[in-house]
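Residue-level structure breakdown
What follows is the residue order along each chain.
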Amino acid sequence: MKWFKSKFFIICVIITLVIALISGIFAAIGFTGPFKLVFGTVATPFRLLGTLTANAVNGVVEVFSDYGKLKSENEVLKAEVDSYEEESYNAGLLQEENAWLKEYIGVATEHPDFSLVDAKVVARSTDAYSETLTLDRGAVHGIKKDMPVIASGGLFGRVIEVGLDWCRVEGITETSSSVGVAVERSAALGVAEGDIALREEGKCLMTFLDSSADVRIGDRIYTSGGVGSIYPPRIYLGKVVEVKADPQSRTLSAVIETGVDFGETEKLTKFMIITGYDGGSSE
Amino acid sequence: MRMKRARLSEERRASLKRLAVYVAWFFILAIAETSFFANVTILPSAPNLILPVILVIALTDTRENTVIAAIAGGLIGDAISATGIYLSPIFYMAAALLLCLFAKKMMPRFLSWLALMPVTLAFVAIFSLLIALLYYRPFNIGDLLLSAVLPKVIGTLLFSLPLFPLVSISVSPFIDRRARALR
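Bear in mind that the values here come from a model prediction, so they are computed numbers and not experimental data. (Residues numbered from 1 in each chain as written. Chains lettered and ligands numbered in written order. Predicted model: local features only at pLDDT ≥ 70, side-chain atom pairs only at ≥ 80, totals over all residues. Heavy atoms only, no water.)

Quick notes on the overall build of chain B
Check the secondary structure of chain B and you find eight helices and zero strands. Helices (α) and strands (β) of chain B occur, in sequence order from the N terminus, as α-α-α-α-α-α-α-α. Burial statistics for chain B: of 183 residues in total, 50% are counted as buried. Within chain B, contacts between residues at least 6 apart in sequence are counted, and of these 75% link residues at least 24 apart. On chain B, roughly 9000 Å² of surface is accessible, and the fraction owed to carbon and sulfur atoms is 71%. (Helix = DSSP H or I, 4+ residues; strand = E, 2+ residues; numbered from the N terminus. Buried < 20%, exposed > 50% of the residue type's maximum accessible area, 1.4 Å probe, protein only. Contact = heavy atoms within 4.5 Å. Areas by Shrake-Rupley, 256 points an atom, 1.4 Å probe, with all protein chains shown as cover.)

Here is the structure:
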């Protein structure tokens with residue numbers, strides 16, 4: 001306590017009070033005090049440096065704080081993209097469905113005499129020599145053996161086996177298949193048969209053409225129909241891509257690129273089975 | 001007699017040098033408070049770094065030097081900060097006197113400094129509240145404590161931790177070991 005009565009302490013208190021009083025008076029009359037003026041001026045460049053450093057720190061902090069913000073934004077966008085993808089997928093399905101319906105209507109309009117049953121693939125059976133598809137229509141739907149089957153692009157083949165609610169179909173590129181066909185332009189007749197070498201390429205061979213038959217590359221081939229044929233006339237089969245002459249038998253043969261893409265049968269999901277038509281019956 | 005006088009003069013010179021170092025520290029810390037810490041957005045409030053330095057001085061230097069340093073610290077702090085009236089010298093002087101009373105060297109200095117930090121933080125809180133009462137109205141005392149005083153106290157505690165070794169090391173070349181032993 002003795003220390004508080006010392007000259008030093010009293011001087012300190014007086015100095016401090018005087019400083020406070022002077023600064024108070026300066027502040028009251030709106031002047032900057034002398035200390036503030038001196039220290040403020042000297043401190044300015046250092047304060048600038050401090051502010052710049054703080055801004056740099058703020059920048060780094062912002063990067064990290066933005067990371068969380070960006071992450072959550074990314075999650076929201078991801079969810080949005082997912083929903084758009086789903087919508088796009090659904091739109092694709094609808095488009096496919098629409099195309100199929102158009103085709104169905106197209107066939108029904110072109111051949112008003114056809115009785116059609118639509119079918120979907122439920123199973124596939126593939127080996128080195130043959131490929132058959134199982135569809136979801138059978139005897140209860142009026143399906144019988146040898147009924148013609150149409151897919152997107154034209155004639156696919158025929159029914160080879162029928163179950164209660166399923167049937168097995170074989171394509172026209174299979175070696176056991178033969179279809180009576182005609183060239184659209186010249187009406188030249190022949191038989192479209194499956195060929196072991198061409199089947200891998202999704203093609204078949206048109207045989208039994210006269211050596212004088214008018215057949216050219218690009219000619220469109222349709223089923224000829226007629227008595228005894230299981231196929232009705234005027235179903236598109238494909239187009240000629242190559243014409244060959246056999247000098248020994250004096251006949252021509254033509255390679256047909258089928259309208260149905262037999263190279264990618266896994267893409268074929270929907271079919272139409274012709275259960276009846278005018279001038280003949282599949283039954 | 002002459003030797004004693006020479007010795008006193010030598011000690012006074014060392015004491016003045018220490019005071020100069022303290023003034024430099026106050027200058028640096030006041031600038032840091034008003035420019036760096038005030039602008040860093042993650043800190044809710046700029047810490048008060050002058051009072052912890054006064055505590056270091058109270059523990060390592062004479063009472064006279066502590067009081068002079070506290071007045072100088074308040075003066076510099078107010079001159080550099082935005083406040084117009086120089087209240088800090090009065091407040092810091094009072095704080096220095098009280099800290100000098102507590103600062104009896106029973107423990108190693110750093111531990112004493114840590115032990116007295118709550119007292120210093122209490123001064124920081126009181127001073128912040130006082131400033132808020134004087135300059136910022138109207139206010140809600142609860143909001144003020146939570147939004148201004150508490151962040152300032154926490155910030156002060158965090159950022160003052162390296163100050164003890166830094167200030168002690170910076171004045172160590174100007175400490176007369178024999179004088180310290182006599183003190």
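A short note on a negative patch on the surface
On the surface, a cluster of negative charge is made up of Asp-82, Glu-85, Glu-86 and Glu-87 of chain A. Along the polypeptide, Glu-85 of chain A turns up in helix α2 (residues 34-110). (Patch = residues over 30% accessible without salt bridge, like charges linked within 9 Å, V, L, I, M, F, W, Y side chains within 5 Å. Salt bridge = Lys/Arg side-chain N within 4 Å of Asp/Glu carboxyl O. Lys, Arg positive; Asp, Glu negative; His and termini not counted. Charge placed at Lys NZ, Arg CZ, Asp CG, Glu CD.)

Observations regarding the nonpolar core
One finds Tyr-22, Phe-26, Leu-51, Ile-54, Ile-80 and Tyr-92 of chain B to be the most contacted residues of the largest nonpolar core, which totals 55 residues. At the level of secondary structure, the elements contributing two or more residues to this core comprise α2 of chain A together with α1 (2-39), α2 (50-60), α3 (63-80), α4 (88-102), α5 (109-135), α6 (141-160) and α7 (163-171) of chain B. Examining the composition of this core, we find that 11 residues originate from one element, α1 of chain B, more than from any other. For Phe-26 of chain B, the contacting residues outside a window of four places in its chain are Ile-50, Val-53, Ile-54, Ile-57, Ala-69, Ala-72, Gly-73 and Ile-76 of chain B. Counting 45 residues, the second largest nonpolar core, distinct from the first, contains Leu-116, Val-215, Met-272 and Ile-274 of chain A. (Core = buried A, V, L, I, M, F, W, Y, C linked by side-chain atoms within 4.5 Å.)

Considerations on α2 of chain B
Within α2 of chain B, 11 of the 11 residues are buried, leaving the element largely enclosed by the surrounding structure. When α2 of chain B is considered as a whole, its buried residues turn out to be Ile-50, Leu-51, Pro-52, Val-53, Ile-54, Leu-55, Val-56, Ile-57, Ala-58, Leu-59 and Thr-60 of chain B.

Comments concerning the sheet that holds strand β11 (residues 251-258) of chain A
Residues and elements named next belong to chain A. The strand order β6-β7-β8-β11-β10-β9 describes a closed barrel built from six strands, whose pairing is antiparallel. In this sheet, neighbouring strand axes are inclined to one another by 40° on average, regardless of whether the strands run parallel or antiparallel. Alignment of strand β7 (residues 189-193) against strand β8 (residues 203-210), held across three bridges, turns out to be antiparallel. Note that in β8 the partner of Val-191 across the bridge is Thr-207. (Pairing = 2+ DSSP bridges. Axes fitted to C-alpha atoms, helices over the stretch in contact; angles between N-to-C directions.)

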